[in-house]
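# Understanding the architecture of this molecule
Here is what each chain is made of, one letter per residue.
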Amino acid sequence: MPTLLPIDTLLIAVCAWLAVGLAGLVAPRNTRFIAKTLFPAGALVGMLVGFVSLGSLGAAPETAVLAIGLPDLPFHLRLDSLTAIFGVLLGFISVGISIFAAGYFREGEGTAPGLLCLEYHAFLASMLMVLLADDAYAFMVAWESMALASFFLVTTNHQHAEIRRAGYLYLLIAHVGAISILLSFGVMTANSGDYTFSGMRGQHLSSFWASAAYLLALFGFGAKAGLVPVHVWLPEAHPAAPSPVSAMMSGVMLKTAIYGLLRVSFDLLGSPIWWWGVVALGVGLVTALFGVLYSTVQSDMKRLLAYSSIENIGLIAVGIGLTLIFHSYRMEALAALAMTAVLYHCLAHAGFKSLLFLCTGSVLHATKERSLGKLGGLIHRMPWVAWLALAGVIASAGLPPLSGFISEWLLLQAFLFSPGLPHPWLNMIVPVAAALVVLVAALAGFAMVKFYGIIFLGQMREESLKDAHDAGWWERAGLIWLALITLCLGIFPSSVILRIDAATRQLLGTGLSERMADHGWWMLAPISVERASYQPLVFLAVIVASVLLGRQLVHHLYHGRTRRSAAWDCGYFFQGPRAQDTAEGFSQPIRRIFEPMFRLTRHFPTARDTQPYYSVKVEDHFWHWLYLPLARLVGGISGLITLLQGGRIAIYLLYSFITLILLLLVARP
Amino acid sequence: MNISGLLAQLFAIVMALFLAPLLTGWVGQCRAWLQSRTAPPLLQPYYMLHKLFHKDVVLAHGASSLFRVAPFVVFGCMVLACAIVPTLSTDLPFAPAADTIALVGVFGLARVFISLAAMDIGTSFGSLGGRREMLVGFLAEPALLMVIFTTAMISQSTSVATIVETLAHREFAIYPSLAFAGIAFTFVSLAENARVPVDNPATHLELTMIHEAMILEYSGRHLALIEWAASLKLYAYSCLGLALFFPWGVAAGDSFPAMLAAIPLLLLKLSIGGFLLAVIETVNAKMRIFRAPEFLGTAFLLAVLGLLVRLLLETRV
């Protein structure tokens, strides 16, 4: 009897997701069946994917060949530790999102639920196929299916023009990126005609062609991940998509692009050159700073999160750049540290960003509002969502004791022990880069306080918010699952790192586990205890103990009496909810300090206005400096082509005739 | 982790809890002397805490549970910070629980909670204070970490205990990088502890306040905890500064005699530090809120300069 290998189980999971999706077509309008049966079934498959991938971390790579596709080009598949770690991410994060989706999708919202179910599960299946693919052909097929499935998901509410526009932009940039990835694979095959990844590993490219392949891959995968300057689709597509889809795209799909970049630059392209790392580091820093600054000034809660995703992808790129630099100089211990930070941040960001996107989904359903300026005080009506969102906010701000802090800590440690690079000016750039990373992290805190404070705290800015209701139990379960992931990633870093280590070891040949093994699970000390250590559990325990002890002591020694009264109004009675900071008001210091970074259109009231109003619009410089000129250029060139098209048949016949004559002249024997 | 270590740790925490208000009182007293006012008694902060604990809490109608939890969380964060910073000994059981980066994280966590609590009631002052606090925070945090990086590079470690041991037991040499870092640290501490010239703890003038604007709605035991936490923060920052730049005299073990011997020196250093703080607060005027970025930007640049000096000039030391 043949044994069931993990890779076979994962293939069965792909089929199961597709089957669940197709089952949605049986009764496309039966929302109850689809939401309460099919989406939980999808979550079960996700759980299977997560555990199987977890089990195959560190195991020997397995391969399989599927005889589908073109006659001479079967699908090559491979399950190794790098695939497995992203499989863990995909599996476990999709569990939370699918459970949430079971309570989220309703009737009458754009696409029929059955179709939505198919698109959603096809999206999941294609992402798993991207991770499993072991040749360029299978990879591109899966990559394109992923792009298409997510395009249809983004345009779920296609009756709105701006959503169609966002979907179009997304599709366009996804394809520009896909072309670049295809070219990169083309360079790596080096005319051998062998499209399998194992063939590419065997090629020894000259440094010029290797660099070309790397830069093409960086651009292509960067377009999917949202690196500056190909980030513009992200803040458009994320608000347009339904929240579980935004969560899936931001939490998981962006990570498949990171997976691709890691696969190409560390696995397929053997030995990196030092300046590749500098390029990734620079692009990452610009992306991170740009993302976080724009996220602080947004007034739409999902755009704010979308820009925050750009920031996090930037930080991941910084980590990749640092790993490449260390790896190229054979400083493997530091490279392993930076790589661990990268993989950890992928996991952490997947958890907390999907959590936050799902929370915005609950808020959206409860209030029908996406604009921060019309929300407020929801902690009173939606305590579950508010407290679970707080976990995401703290993690996203990179604060202990949750997940975001660990990856940031690892990254800073990697920066800190960098002196000793054989390149003098790299030695100077690296600390300055560390300073910028810290600035980004601190600004992320600002953005997150704004996000949370304006949505959940304060007074309700609109009367209608009084009717807001808390999320249902399905939604709560999904949120709790993701919050637990965020908490566990924050509290048990050593156990997680020991598992991640298999992937690090596969890519770099060395890992952190030897140095970490003798410290025990509660202690995170990637190098040695004397150098740096962090014990999140002690950390949490001291804070919790002092909170509880403090409360008990105060109540015991003094009293616990509380009265309610009106808030202090400074003797001015006419203060309504409107007196609070708006989203724009909260970010005013940022706009003022970093003014050149934004393209601002402001309207100030004058002293004599009878109906004074203030408005501010923040736009992306890249639109005006890069995209619009480019669009005009493309438009101009297409305009030239219309000169050829006279619209009269005689002219076209003349073209054919001239072509024929020319061909006869050229092809003369 | 043995019993005597735990007891020593507990002793350090309890001492922090009781010394912190004393330090605040001492600074207030020095300030009054320098400004030729009649000084309040040294124990004034204790009287105030006692009074506030006795009073009823008056909560605004719109206050949520987060508003009530926040003072305890902030207090807990500051207790943890005081447990990590080596005050008397470098060999305490909680020392490996968090290194300097995590220490900055603790201060960040407290700041986020107090800012969120400030936004909770939904008055205009609250959110104004909250956003100003976050503004000061995101400007000060990078500068603080750069200072820490400089010291970490000298000692090849981010663990506070190791840094202090290395710096205290090195041969006496003047590090220019430490001088830069020290000035930057002073700037950051002034901003982080809501002191003149960035903020003024003694004012309730509407347009200038930061810290006071955030806690305007707090009363009774909540306010007491926040005030106590503020004293603890000042204490933790002072001890961190002393540990990084004047580390001599901190005991290396967890034995009680060694720790008791370290107390007088610590008190001396703290009282000098407190007096200098009062001098700074007296000779400076509070600046406009939008001068704060320049002030903290200077601190950041100084810290980065310190780091570069370390990398370029001192790598062979």
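All values derive from a computational prediction rather than experimental measurement.

## With respect to the nonpolar core
The biggest cluster of nonpolar side chains holds 360 residues, and the ones touching the most others in it are A:L128 and B:A303. The residues touching B:A303, leaving out its near neighbours within four places in the chain, are B:A143, B:M146, B:V147, B:T150, B:F180, B:A181 and B:A184.

## Focus: the pairing of strand 4 (residues 599–603) of chain A
Residues and elements named next belong to chain A. Within strand 4, only zero of the five residues are buried, which leaves the element largely exposed. By the bridge criterion, five bridges tie strand 4 to strand 5 (residues 615–619) in an arrangement that is antiparallel. Paired with L600 across the bridge in strand 5 is V618.

## Observations regarding the interface of chain A and chain B
In many analyses, interface size is given as the accessible surface area lost on bringing the parts together. Opposite the 65 residues of chain A that make contact, chain B presents 69 residues. For the side of chain A that touches chain B, the secondary-structure elements that each account for two or more residues are helix 15 (403–416), helix 16 (424–456), helix 20 (536–557), strand 3 (562–565) and helix 22 (588–593) of chain A. With 15 residues, the single largest contributor to the side of chain A that touches chain B is helix 16 of chain A. For the side of chain A that touches chain B, the per-class residue count stands at 42 nonpolar, 15 polar and eight charged. Alignment of strand 3 of chain A against strand 1 (residues 57–60) of chain B, held across four bridges, turns out to be parallel. Opposite A:R563, over in strand 1 of chain B, you have B:V58 as the bridge partner.

## Focus on helix 13 (residues 332–367) of chain A
In an α-helix, one turn spans 3.6 residues, which is why side chains three or four residues apart end up on the same side. Residues and elements named next belong to chain A. With 36 residues, helix 13 should reach 52 Å at 1.5 Å per residue; the first-to-last C-alpha distance of 51 Å fits that figure. For helix 13, a buried count of 31 out of 36 residues is recorded, marking the element as mostly surrounded by other parts of the structure. Of the residues one or two after helix 13, K368 is the one with positive phi, at around 60°.

## Quick look at unusual backbone geometry
Here the residue pair A:P400 and A:P401 is connected by a cis peptide bond, since its omega of 5° sits within 30 degrees of zero. Along the chain, A:P401 falls in the loop between helix 14 (383–396) and helix 15. A cis amide bond, omega 10°, links B:V196 with the succeeding residue B:P197. Along the polypeptide, B:P197 turns up in the loop between helix 7 (176–192) and helix 8 (211–214).

## A short note on the pairing of strand 2 (residues 73–79) of chain A
The side chains of a regular strand alternate between the sheet's two faces. Of all seven residues in strand 2 of chain A, five are buried, a share of seventy percent or more. Hairpin connection, strand 1 (residues 62–70) of chain A to strand 2 of chain A: the antiparallel pair is bridged by two residues.

## Some remarks on the packing of helix 12 (residues 301–328) of chain A against helix 13 of chain A
All names here are of chain A. Two elements in contact, helix 12 and helix 13, have axes whose closest approach is 8 Å; the angle formed by their N-to-C orientations is 170°. With respect to each other, helix 12 and helix 13 are oriented roughly antiparallel. Residue classes in the contact of helix 12 with helix 13 are distributed as 16 nonpolar, eight polar and two charged.

## Things to note about the domain arrangement of chain A
Partitioning chain A into structural domains gives domain 1 (1–202) and domain 2 (625–666). Computed over C-alpha atoms only, the centres of domain 1 of chain A and domain 2 of chain A are separated by 40 Å.

## Describing the confidence of the model for chain A
Mean pLDDT over chain A: 89, with 98% of residues reaching 70 or higher. Between the elements of chain A, mean pLDDT differs from a low of 73, seen in helix 19 (residues 513–516) of chain A, to a high of 95, seen in helix 14 of chain A.

## Some points on the environment of A:L653
Residue and element names in this part refer to chain A. Residue placement: L653 occurs in helix 24 (residues 649–666). Look at L653 and you get exposed, because 10 C-beta atoms sit within 10 Å. Sequence separation of L653 and L66 is 587 residues, and the distance between their C-alpha atoms is 48 Å.

## A look at the environment of A:L25
All names here are of chain A. With respect to the secondary-structure elements, L25 resides in the loop between helix 1 (6–23) and helix 2 (31–55). Of the residues examined, L25 has 13 C-beta atoms within 10 Å and is grouped as partly exposed. Excluding anything up to four places from it in sequence, L25 contacts G114 and L118.

## Points about helix 6 (residues 160–168) of chain B
All names here are of chain B. A large share of helix 6 lies buried, amounting to seven of its nine residues. When helix 6 is considered as a whole, its buried residues turn out to be V160, A161, T162, I163, V164, E165 and L167. Those residues of helix 6 that are buried are in contact with helix 3 (65–84), helix 4 (100–120), helix 5 (124–155) and helix 9 (220–245).

## Structural notes on the environment of B:S159
One can find B:S159 in the loop between helix 5 and helix 6. Spatially, the C-alpha atom of B:S159 lies 9.7 Å from that of B:I84, the residues being 75 residues apart in sequence. Aside from chain neighbours lying at most four places away, what touches B:S159 is A:E530, A:R531, A:A532, A:S533, B:P96 and B:D99.

Here is what the cut-offs are and how they apply
- Along each chain, the written sequence defines residue order, and numbers are assigned to residues from 1.
- In the order they appear in the text, chains get letters beginning with A and ligands get numbers beginning with 1.
- For a predicted model such as this one, the threshold for reporting local features is a pLDDT of at least 70, and the threshold for listing and counting side-chain atom pairs is 80 or more; totals across whole chains, interfaces and linings nevertheless cover every residue.
- The nonpolar core criterion groups buried Ala, Val, Leu, Ile, Met, Phe, Trp, Tyr and Cys residues into a set whenever they are joined through C-beta atoms within 7 Å.
- We call a residue exposed when 12 or fewer other C-beta atoms sit within 10 Å of its C-beta, buried when the count reaches 20 or more, and partly exposed for counts in between; the C-beta positions come from the backbone.
- Note that contacts rest on C-beta atoms placed from the backbone: two residues are in contact if these are within 7 Å.
- Strands are runs of DSSP state E lasting at least 2 residues, helices are runs of H or I lasting at least 4, and numbering of each runs from the N terminus.
- A strand pair is defined by DSSP finding two or more bridges across the two strands.
- The classification used treats Ala, Val, Leu, Ile, Met, Phe, Trp, Tyr, Cys and Pro as nonpolar, Asp, Glu, Lys and Arg as charged, and all other residues, Gly among them, as polar.
- One less than the number of residues in a helix, times 1.5 Å, gives the span that helix is expected to have.
- Inter-axis angles, ranging from 0 to 180 degrees, are taken between N-to-C directions of lines fitted to C-alpha atoms, where helices are fitted over the stretch in contact.
- Should an angle fall under 35 degrees it is called roughly parallel, over 145 degrees roughly antiparallel, and 65 to 115 degrees roughly perpendicular, with every other angle called oblique.
- Boundaries of every domain are those given by an automatic assignment or by a domain database.
- Values of pLDDT, which run from 0 to 100, indicate the predictor's confidence residue by residue.

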